[in-house]
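Below, each chain spelled out in residue letters.
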Amino acid sequence: MRGFAEKDGSFTNSARWLIWKNAALPMPGDCQLDQAIVAQIFLKVRELYKKEGGKFPDPVLNLTWNYTVPSSPSLAEC
């Protein structure tokens, strides 16, 4: 698990304050942003649906995924 200082993001507390913060440290080694990991999983699942089919492929195959870098969407686009 990565520390809070290694990624951009928002925090919300019980007083309902919303605070945006930018990454303070570069990510170590081969770490990836959370949204990149989720995107890569989705793209692989969609690829498998295209190749092998499935019970109900429409939601996966027809989902709009028009990010500038589809395998690693920026938080600004999410």
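The notes below deal with the structure included here. (Residues numbered from 1 in each chain as written. Predicted model: local features only at pLDDT ≥ 70, side-chain atom pairs only at ≥ 80, totals over all residues. Heavy atoms only, no water.)

### Examining the overall build of the protein chain
Now for step 1: A tally of regular secondary structure across the protein chain gives 2 helices and 2 strands.
Now for step 2: Walking the protein chain from its N terminus toward its C terminus, one meets helices and strands in the order β-β-α-α.
Now for step 3: Counting across all 78 residues of the protein chain, residues that qualify as buried make up 17%.
Now for step 4: A separation threshold of at least 6 residues defines the contact pool for the protein chain, and within that pool the share at least 24 residues apart is 32%.
Now for step 5: Carbon and sulfur atoms form 59% of the exposed surface of the protein chain, whose accessible area is close to 6,300 Å². (Helix = DSSP H or I, 4+ residues; strand = E, 2+ residues; numbered from the N terminus. Buried < 20%, exposed > 50% of the residue type's maximum accessible area, 1.4 Å probe, protein only. Contact = heavy atoms within 4.5 Å. Areas by Shrake-Rupley, 256 points an atom, 1.4 Å probe, with all protein chains shown as cover.)

### Quick notes on the pattern of salt bridges
A pair can form between side chains of opposite charge whenever their charged atoms are brought close.
Now for step 1: One pass over the structure, following the stated rule, counts 1 salt bridge.
Now for step 2: Across the salt bridge formed by Lys44 and Glu47, the nearest N and O atoms sit 3.4 Å from each other. Taken together, the residues Lys44 and Glu47, both in helix α1 (residues 34–52) and 3 residues apart, mark about one turn of the helix. (Salt bridge = Lys/Arg side-chain N within 4 Å of Asp/Glu carboxyl O.)

### Overview of the packing of aromatic side chains
Now for step 1: Under the counting rule described, the total for this entry stands at 2 aromatic pairs.
Now for step 2: A centroid spacing of 5.1 Å and a plane angle of 85° characterise the contact between Trp65 and Tyr67, whose relative ring orientation is edge-to-face. (Phe/Tyr/Trp six-rings, centres within 6.5 Å; stacked < 30°, edge-to-face > 60°.)

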